[in-house]
Every structure is written in C-alpha cells, then in structure tokens.
Amino acid sequence: MSIVLDGVAKRFGTAVVLNGVSLEARDGETLAVIGASGVGKSVLLKSVVGLIRPDVGTIQVDGELVTELRRQDLYNLRRRVGYVFQFAALFDSMTVEENLAMGLSRVPGLSLAERRERVAESLRLVDLEGFGAQMPGELSGGQRKRVGLARAVAIRPKYLLYDEPTTGLDPVTKTVIDRLILRMREELGVTSVVVTHDMTSAYRIADRIAMLHAGRIRYLGTPDQIRASDDPVVRGFIDGRPELMQEPVT
Amino acid sequence: MMKVITGAWRAPAAWVGRSAVGTAAGMGRFGQFLAGIGHALTDVRTWGPALVAQMGRIGVASLPIALFIAAFTGIVLALQASYTFTGAIPKYFVGVLVGKTMLLELGPVLTGLALAGRVGANIAAELGTMRVTEQIDALETLGYDPLAHLVVPKVMAALIMFPVVVAFANAMGIVAAWATALNLLDMTTPEFVRGLRLFFVPFDVTYSLIKAASFGLAVATIGCFFGFTTWGGAQAVGRSTTQAVVLSSMVILVLDAFWAVTLL
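Since this is a predicted model, take the numbers as computed values, not measurements.

## Considering the overall build of chain A
- Scanning chain A from terminus to terminus reveals ten helices and ten strands.
- Relative to the compact-globule value of 18 Å for 250 residues, chain A shows a C-alpha radius of gyration of 18 Å, a close match.
- With respect to the principal axes defined by its C-alpha atoms, chain A has extents near 65 × 45 × 30 Å.
- Here chain A, with 250 residues, has 53% of them falling under the buried criterion.
- For chain A, contacts bridging at least 24 residues in sequence account for 64% of all contacts bridging at least 6.
- For chain A, the computed accessible surface area is about 10,900 Å², with 49% contributed by carbon and sulfur atoms.
- Seen as two clouds, the 33 positive and the 32 negative side-chain charges of chain A have centres 4 Å apart.

The following block contains the structure:
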C-alpha cells in the first residue's frame, strides 16, 4: 500500500498553490518533497491526511480515497498515519507523557499498562527516556521535535509524514533528527513523506526526491539523479541560485 | 443593463461590496461551525470527561469577579432608589426596586458582560493560540474531533455555569443592598424584605436564569468560533480575542432585549 496523489489542485482565494500534483510514495520508501518556502509543500502534506481538502484531484492512502472519506472513516485512517509538525505542535498544557498518550487513547484494545509501555518505548526510540514528566515549555527546539516524532510513532503508524523536520535546528541536531527518520524506517518499516527545503537532509534520508515548483512536480528522481540534474529550476534550488529559477514567460 | 460605478463612488462601493461578501462568508462559516458542534455533541466519550474541568474554569473561577460587581451594584441600587423615592414613595420600595432590577436586569446582564470579557477572551485566546501553533491540527491527526474535544465542553460548561454564577450574583447584590439599607438608609430588615416580596413572582428567577443560560451559550460559542477560525500569527490571536469580546457583548444586549420582548 502507498500514498498516491493524482491531479491534486488547491487554491486559496486567487492564489493557486497546487496545480495538478501527481505523485506516489511507494510502500516502504522515504520520499522527500523539496521546494522553496511558500511553494505549497505543507499544503500538500496536510492534504494527505485530510486537514486540507483539495479543490480537484484524488489522494489515496493505504488504499482509501482520503478525498471521499466520511469524517469517522477519516479519523480511523489517521490512526495509521503519523504526522510530525514543523514546530512539533505539542499540547503545551500537558506533559510529554500525556502528549504521547493522547493518540494512544484512541487506539482500540490497548490497556492502560500497554499504553504506558508504548509511551516509554516511543520515548526510548527518540532517546528521550526520563523526559516524560517534563512540560513542552521546558524542552529545547530539538527535544520538542523529537517528542513530536515520538508522539507520531506512538500509535505505530504505517505511514509517517514529516513537515520540515529539521528547520530551525543546528547542524548537529539536524543530523540527530535525520538519523531518527532513518531509524523509524528501519525499526518500524514505515512509508514516509518528508517535506523539506534542507538539501543535506533530503540527500541523507530520501530514497527519491520530488521537487515542487509553481504548483506542480517539477522533478522526481533519486538523490544521485537530482544531484546530476541539468534542469535550471532544480539547479537553481539546490545550488541556491534564484536567478536560474526565473523562467521566461511564454 | 448593469450600471458600472465609476469615479469617487467606486472605492466606497467596492468597500460595501467586500464587506457584504465578507459578512455573508462569515455567517456561512458560523453556520458550518454550529452544525459541527451539533454533530460533535453525540461524541460524549470525548467531551464528557473534560466537562467538569471546564465548569470549574468557566464558572467557579468567575465567581469572585461576578460577586464583586454584584455587591457594588446592590449598594448603588439601594442608594439611588432611596434618593429617587425620598419624600414621595414609602422607603420599603427600595426593596422592590433592588429585587426586581437585580433579578430581571442587572444581575444577568452585568455578570454576562463581565464574563464576556473574562471567559470569551480566555476561550478565544486559548483556541486561537492552539490554532496558530497547529495544536488543533495535531489533535485531528491523532484521531480526535477538535470540536468534541475542545469546543463542546466549553459551550456546555458555559450553558450550565452562567446561570449558577448569575444566581450567586443576584443573591450577593440583594444582600449588599440589604446591608446598605440597614446601615446607611435607616431601614429595618422587615421593611426591606417587605419591599423585596411585594411584587416578587417566582418567574423572575426563571427569567433571570434563562437569560444567563442564553448569555453563556452566546459567549462560549462566539469565543470558540473566533478562536477556532483564527488564521495567522500572534496578531490574529489578538484580533480574534477582541472580536469575540465585542461581538459577545453586543449579542448579550440583543438577547437581553429579545427576552424582554418575548417573555415579559
């Protein structure tokens, strides 16, 4: 099973953000979606879990059409999808443990003891044992991201969606997060979509990289292929040369 | 044939048009929001456990400010009644005016307006912050209906607790007026109570509590709506909070008139 987007379009007012995006994250792979800030990467990711409804096109996750699901079926599907938010989006009135337990209380057939064990196990996965009683406000940026990741994986999802997981972090913490993303794939076998504009991170974690530009997928290939690409827009982005990304109006 | 507006009228006409479309769109969103609350009401498993905590935050925590306002309102009512009636109407009418005015008008309305500031602003700021920091989206991704988890407990708590707070405020206002009558107006307790009971009908209490419940429903629903639909950053949270308080206060006054027309 995989994540398949077909002809997805979304506009906000007069601004066309997505304009016919077709893309597939294959079973077990890590797909990075790169692109400049404001190009619609987060909109794309939120559309996958039904937080934003596209105007046109279909999105299929685990064989189910997200765009057609009724509210309750959508909530059921979300139990199979973990979402890691750009700024972690931790519930700031709850402890780290309570944050992790939130999703677990929606998993049927899980006893209280099993929930506690799952919380501890998930904190171990992100190397944050002993942080359960802390409040989100007491954590550093990197720790918050790791708690966000632990919360997403606590429900043992089949799919993981990462929204800018390394943005705003120092290089060392970025590497730590990248290694965690790789570890999630190895230990949990999840299919992942990672939205990022950090090329170092994309090269490190992705099996394939898709570049979103002007509302469409401009390029799709392996990290080696994208490194060797001669597409001026792709080159302009990965080399940080905006002048290459200005296409002539035809 | 459609006439095109040109010249000096173009900008004001465009503003009126934009405002009309914006208002219609806002009402549409509010309608959708109410429908969502209606649907979320069936999810008792989600909102039930949060209800008691919200009743404490919205109701019990509001008692000090409500009692403070009611006490001073009672004192002023007694003094003004005495000032107005002196030499023309028997003194025990102070009790009539205090009882009727506290129960029918000032108890529920002043408490409602104070709580529109305290509770409405609190709800809008809390939900607005949760929206802009993606905590509401996070709830959704964890399989929660945010309306059932965040909104319904607040609305239900306000619906239940506003009448309780108003009942205490009414009592405090009357007690403060009685103390004032005894100490500053040379009245006796039997005189004051005689006035209080003279035109009293039990419906006065019912009327007061119906008003309070409707104010609670309005303040919580409007606060939740503006918080929930916040879009942007810190400035947007501030704007939502202000809008929630202003609109709640206006709706309280409109409801006040509505109940007077329909129930009295």
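There is more to say after this.
## Digging into the interface of chain B and chain A
- If you look at the interface, chain B gives 20 residues, while chain A gives 19 residues.
- Summed over both partners, the interface of chain B with chain A buries about 1,900 Å², with 53% contributed by carbon and sulfur atoms.
- One salt bridge in this structure joins D137 of chain B and K46 of chain A, with 3.2 Å as the shortest N-O distance.
- Elements represented by at least two residues in the side of chain B that touches chain A include exactly α1 (10–40), α2 (44–58), α5 (135–141) and α6 (146–184) of chain B.
- No other element matches the six residues that α5 of chain B contributes to the side of chain B that touches chain A.
- Here the residues of the side of chain B that touches chain A sort into six nonpolar, eight polar and six charged.

## Examining a nonpolar patch on the surface
All names here are of chain B.
- On the surface, V201, F203, I210, L263 and L264 cluster together to form a nonpolar patch covering roughly 390 Å² of accessible area.
- Secondary-structure assignment places I210 in helix α8 (residues 203–228).
- By relative accessible area, which is 30% here, I210 ends up partly exposed.

## Regarding helix α2 (residues 71–78) of chain A
- Taken together, the buried positions of α2 of chain A are L74, Y75, L77 and R78 of chain A. Considered in projection along α2 of chain A, the buried side chains sweep an arc of 160 degrees and stay on one side of the axis.

## A few points about the domain arrangement of chain A
Residue and element names in this part refer to chain A.
- One can read the domain layout of chain A as domain 1 (1–80 + 158–237) and domain 2 (94–156).
- Measuring from the centre of the C-alpha atoms in domain 1 to the corresponding centre in domain 2 gives 24 Å.
- At the interface, 18 residues of domain 1 touch 15 residues of domain 2.
- Looking only at domain 1, the three residues that lose the most surface to domain 2 are R79, L180 and L188, adding up to 36% of its buried area.
- On inspection of domain 1 and its partner domain 2, the count reaches one salt bridge.
- Put simply, domain 1 and domain 2 have six residue pairs in polar contact (both at pLDDT 80 or more) between them.
- Residue assignment for the side of domain 1 that touches domain 2 shows that the elements contributing at least two residues are β7 (159–163) and α6 (171–188).
- No other element matches the eight residues that α6 contributes to the side of domain 1 that touches domain 2.

## A few points about the sheet that holds strand β8 (residues 191–195) of chain A
Residues and elements named next belong to chain A.
- Reading across the sheet, the six strands line up as β6-β7-β8-β3-β9-β10 and stay open at both edges, with mixed pairing between neighbours. One side of each edge strand has no neighbouring strand; the edge strands of this open sheet are β6 (81–84) and β10 (216–221). Strand-to-strand twist in this sheet, taken as the mean axis angle between neighbours without regard to direction, amounts to 15 degrees.
- Examined bridge by bridge, β6 and β7 share four bridges and lie parallel to one another. When the bridges of β7 are listed, V81 appears paired with Y159.
- Relative to the sheet, helix α1 (residues 41–48) contacts β3 (30–34), β6, β7, β8 and β9 (208–213), its axis offset from that of β7 by approximately 155 degrees.

Rules used throughout
- Residues numbered from 1 in each chain as written.
- Chains lettered and ligands numbered in written order.
- Predicted model: local features only at pLDDT ≥ 70, side-chain atom pairs only at ≥ 80, totals over all residues.
- Heavy atoms only, no water.
- Helix = DSSP H or I, 4+ residues; strand = E, 2+ residues; numbered from the N terminus.
- Rg over C-alpha atoms; globule rule 2.2 N^0.38 Å.
- Buried < 20%, exposed > 50% of the residue type's maximum accessible area, 1.4 Å probe, protein only.
- Contact = heavy atoms within 4.5 Å.
- Areas by Shrake-Rupley, 256 points an atom, 1.4 Å probe, with all protein chains shown as cover.
- Lys, Arg positive; Asp, Glu negative; His and termini not counted.
- Charge placed at Lys NZ, Arg CZ, Asp CG, Glu CD.
- Buried area = accessible area lost by both parts, 1.4 Å probe.
- Salt bridge = Lys/Arg side-chain N within 4 Å of Asp/Glu carboxyl O.
- Nonpolar A, V, L, I, M, F, W, Y, C, P; charged D, E, K, R; others polar.
- Patch = residues over 30% accessible without salt bridge, like charges linked within 9 Å, V, L, I, M, F, W, Y side chains within 5 Å.
- Arc of directions from axis to C-beta.
- Domains from an automatic or database assignment.
- Polar contact = N/O pair within 3.5 Å; in protein donor to acceptor, adjacent residues only side chain to side chain.
- Pairing = 2+ DSSP bridges.
- Axes fitted to C-alpha atoms, helices over the stretch in contact; angles between N-to-C directions.

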